[in-house]
Amino acid sequence: NAEAHHEFGMILRLLDQDSAAAEHFRRAVALEPDRPMSLVHLGWIDMEVRRYAAARRWFDSAAAVNPGFYQAYAERAALRLATGDSAGARLDAETAVRLRPESDALSAEDVLAALEIGRGDTAAAQASAERRSPFSSGRGWRRPTCGCIWRSLGSIRSGGIRGSGG
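Quick look at the structure, then.

## Observations concerning the overall build of the protein chain
When you go through the protein chain residue by residue, the secondary structure sums to nine helices and zero strands. For the protein chain, the succession of helices and strands along the chain, N to C, is α-α-α-α-α-α-α-α-α. Among the 166 residues that make up the protein chain, the fraction classed as buried is 46%. Considering only contacts within the protein chain whose residues lie at least 6 apart along the sequence, 52% involve residues at least 24 apart. As displayed, the protein chain offers around 8,200 Å² of accessible surface, 54% of which is attributable to carbon and sulfur atoms.

Shown next, in the form of structure tokens:
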């Protein structure tokens, strides 16, 4: 049963057993190829170990099987940011913001904050970051972009980075 494999994969992720988790997510997708959340989990696992091309394929697949699945865009935005594709990161982050439900007011905010930092617009970056707590998204702090964003915002607040709002 695909749902059982997906749920067991999530438990294994919580136990930091990502290789075993990936196997269960793959089994879930093999049984039900249109499971975007399982595809996103596979992307996260690859992204965390910097297998960016593989992660991109998983995120692209999640968006392809469900074009309205905001998390596929939010995670692909983070990946694109990590690989230097700022324009693509902004496009995907804005798509995620447009598609996300009201119950998730945070998805893609980390990417938008990082893009504002990159432009030197510290006021916009701080506004975006204030909508996001480092503890609000569970394991989200492990994403490669989040740590960089929070270090950068710490520098902004201490006066180390100057820009249009700083």
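## Quick word on the pattern of salt bridges
One pass over the structure, following the stated rule, counts twelve salt bridges. Residue Asp18 is joined to Arg13 by a salt bridge in which the shortest nitrogen-to-oxygen separation is 3.4 Å. For the pair shown, Asp18 and Arg13 are each scored as buried. For Asp92, the salt bridge is made with Arg80, and the minimal N-O distance between the two is 3.0 Å. A residue pair is termed long-range when its members are at least 10 positions apart, and Asp92 in helix H6 (residues 86-99) and Arg80 in helix H5 (residues 70-82) qualify at twelve residues. In this pair, the class of Asp92 matches that of Arg80, namely buried. Counted as one network, the salt bridges with shared partners bring together Arg56, Asp60, Arg76, Arg80, Asp85 and Asp92.

## Re the packing of helix H3 (residues 36-48) against helix H4 (residues 52-65)
Following both chains from N to C, one finds H3 and H4 inclined at 165°, their axes separated by 8 Å at the closest point. On the basis of their axis angle, the class for H3 and H4 is roughly antiparallel. Along this stretch, H3 crosses H4, giving a crossing that reads as left-handed. Taken together, the residues of H4 that come into contact with H3 (itself represented by Pro36, Leu39, Val40, Leu42, Gly43, Trp44, Asp46 and Met47) are Tyr52, Ala54, Ala55, Trp58, Phe59, Ser61, Ala62 and Val65.

## Here's the deal with the side chain of Ser38
If you trace the backbone, Ser38 turns up in helix H3. Separated by 2.6 Å, the side chains of Ser38 and His6 make a polar contact. Apart from the residues lying within four places of it in its own chain, the contact partners of Ser38 are His6, Phe25, Ala28 and Val29.

## Topic: the packing of aromatic side chains
Taken as a whole and judged by the stated rule, the model has one aromatic pair. Taken together, a centroid distance of 6.3 Å and an interplanar angle of 55° make the contact between Phe69 and Tyr70 tilted. Just as Phe69 is buried, Tyr70 falls in that class too.

## Examining a nonpolar patch on the surface
Together, Phe8, Ile11 and Leu15 line one region of the surface with nonpolar side chains, adding up to about 290 Å² of accessible area. With respect to the helices, strands and loops of the structure, Ile11 is situated in helix H1 (residues 2-14). Judged by its relative accessible area of 45%, Ile11 falls in the partly exposed class.

Reading the values: rules and limits
- Residues numbered from 1 in each chain as written.
- Predicted model: local features only at pLDDT ≥ 70, side-chain atom pairs only at ≥ 80, totals over all residues.
- Heavy atoms only, no water.
- Helix = DSSP H or I, 4+ residues; strand = E, 2+ residues; numbered from the N terminus.
- Buried < 20%, exposed > 50% of the residue type's maximum accessible area, 1.4 Å probe, protein only.
- Contact = heavy atoms within 4.5 Å.
- Areas by Shrake-Rupley, 256 points an atom, 1.4 Å probe, with all protein chains shown as cover.
- Salt bridge = Lys/Arg side-chain N within 4 Å of Asp/Glu carboxyl O.
- Axes fitted to C-alpha atoms, helices over the stretch in contact; angles between N-to-C directions.
- Parallel < 35°, antiparallel > 145°, perpendicular 65-115°, else oblique.
- Left-handed = near helix turned anticlockwise from the far one by under 90°.
- Polar contact = N/O pair within 3.5 Å; in protein donor to acceptor, adjacent residues only side chain to side chain.
- Phe/Tyr/Trp six-rings, centres within 6.5 Å; stacked < 30°, edge-to-face > 60°.
- Patch = residues over 30% accessible without salt bridge, like charges linked within 9 Å, V, L, I, M, F, W, Y side chains within 5 Å.

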